[in-house]
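# Structural features, examined
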Amino acid sequence: MQEALFYDQEKELSVLCRLCHHNCHIKEGRRGICGVRENRQGKLYSLVYGRLVSENIDPIEKKPLFHFLPGSKSYSISTVGCNFRCAHCQNYQISQYPHAHEGEIIGRERSPEDVVNAAQQANCRSISYTYVEPTIFYEFAYDCAVLAHQRGIKNVFVSNGYMGEEVTRHLAPVLDGINIDIKAFSEKFYHQVCKARLQPVLDNVRLMRRLGVWVEVTTLIIPGWNDSDDELGRIAAFIKEVDPAIPWHVTAFYPTYQMLDRPPTPVATLRKARKIGLAAGLRHVYEGNIPGEGGESTYCPACNALLLERFGFSIGRNNLADGRCPSCGEKIAGVWD
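Below: a short report on this structure. Source: prediction; values computed, not measured. (Residues numbered from 1 in each chain as written. Predicted model: local features only at pLDDT ≥ 70, side-chain atom pairs only at ≥ 80, totals over all residues. Heavy atoms only, no water.)

### With respect to unusual backbone geometry
Note that the residue after K63, namely P64, is joined by a cis bond; omega there is -5°. Of note, P64 is situated in the loop between strand 8 (54-59) and strand 9 (73-78). Although it is not a glycine, N289 adopts a positive phi angle of roughly 75°. Looking at the element boundaries, N289 is found in the loop between strand 16 (285-288) and strand 17 (298-299). N289 gets classed as partly exposed once you look at its relative accessible area, which sits at 39%. (Helix = DSSP H or I, 4+ residues; strand = E, 2+ residues; numbered from the N terminus. Buried < 20%, exposed > 50% of the residue type's maximum accessible area, 1.4 Å probe, protein only.)

### Description of helix 7 (residues 199-210)
Taking 1.5 Å per residue as the helical rise, helix 7 with its 12 residues ought to reach 16 Å, and the 17 Å between its terminal C-alpha atoms agrees with that figure. Every buried residue of helix 7 is accounted for by P200, V201, L202, N204, V205, L207 and M208. Looking at the buried side of helix 7, the elements it contacts are helix 5 (165-171), strand 13 (177-181), helix 6 (187-194), strand 14 (214-221) and helix 8 (229-242). Once helix 7 finishes, G212 follows within two positions and takes phi at roughly 90°, a positive value. (Expected span 1.5 Å × (residues − 1). Contact = heavy atoms within 4.5 Å.)

### A short note on the sheet that holds strand 19 (residues 314-318)
The sheet built from 3 strands is open, its strands ordered 17-18-19 with antiparallel pairing. Two strands close off the open sheet at either side, each with one partner strand: strand 17 and strand 19. For strand 17 and strand 18 (residues 306-311), the ladder comprises 2 bridges, and the chain directions are antiparallel. Pairing of Y299 across the sheet is with L306, part of strand 18. (Pairing = 2+ DSSP bridges.)

Read these as layout, nothing more, since geometry by itself doesn't imply function.
See below:
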C-alpha cells in the first residue's frame, strides 16, 4: 500500500482524487470508481502498488504501436482495476476484479527494480503499462518509468486517455509512446458503454502530442455502435486536426463480456474505415485483429512504397532507412532505431 498522488483532503476526512477525469469524492473507508484507491483516515492510498497480476514479453506491435521501434519486445505489466466499465472489455477478469470479488486485491509483489531488471534480462527495449488502464496504478508505473529511463529503456502506456491534465503533464517527461483508444465519437457511447465521457480523451490526445509523446490511436469498431461513415469520418477528421501523421488503428470487435449481442466486425467494415481515414488525410491507417487480411503494412505516404511488411504482430521486410523512405526520401513520423 502506497500513499496516492494527485488528491486533495476535504472536510470530514473525505478526499478528492484528481488522478482521472472522474474526480471522485471519496469518503473515509471508501474507494474510487477504479476500485483500487482507498481513503483511510483522510489519506488516499493506492492498493495496487507493486501488486502485478500480469507480466509478459510482448511484441510492441501488440499494443498496437506500429511506428515505435518496430520488431522490438516490450515488457508488459498490469495490476487489477480500471476507471472504465466497458461492456466489451476483453480483459474484464482483471480490470473488474475488485468489483467482482468484494474489493479483493490480488497480485504478486514486485518492485520497480524487479520490473526493470526483468525487462533488461529479456532484452526488451520498452516497458508497457497495459491490459487495464495503467493510470490506476500510476504511482507504481511512474516509479518504474523513471528507473527505466535511467537505464535506457523506453516507456509506453496503452490507455483510455482519461487521466487528469496534471497527471498527463507529470507523466510526459518519462513517457515515450502511448496508444490511446478513441472508442467512439459520441458522448452517448462513452456514457452507456464505458461509464465515462469523450471530451477528456480528445483533450489528452491533443495534449500528449503537444508535449512530445509519440501517439497512436485505436478504435475498436463495433457493429451498430460506432461503425457509421459519419462517426468514422469524425474520428479521422479529429486525428488529422491534431496531427495527420498519427497512426490510426481500426480494429475488429469480437463478442465478449457483457456485449454478446453484436456480431464480429466484418473485414469489409475495416476496409471502409481505412479508406475513410486515408481520404480524410491521415497518412497511416491500419486494420487490426484480422491477421493476414492486409491493411497491416506501412507504406510511404508520398510514393506508396512498401516500408514495413507485417503479418499480425510479426515484421516481414523492413525497408526503412533511418526513418525515411528509401525510394523517395520522405521522412516517416515515428520512433525508429
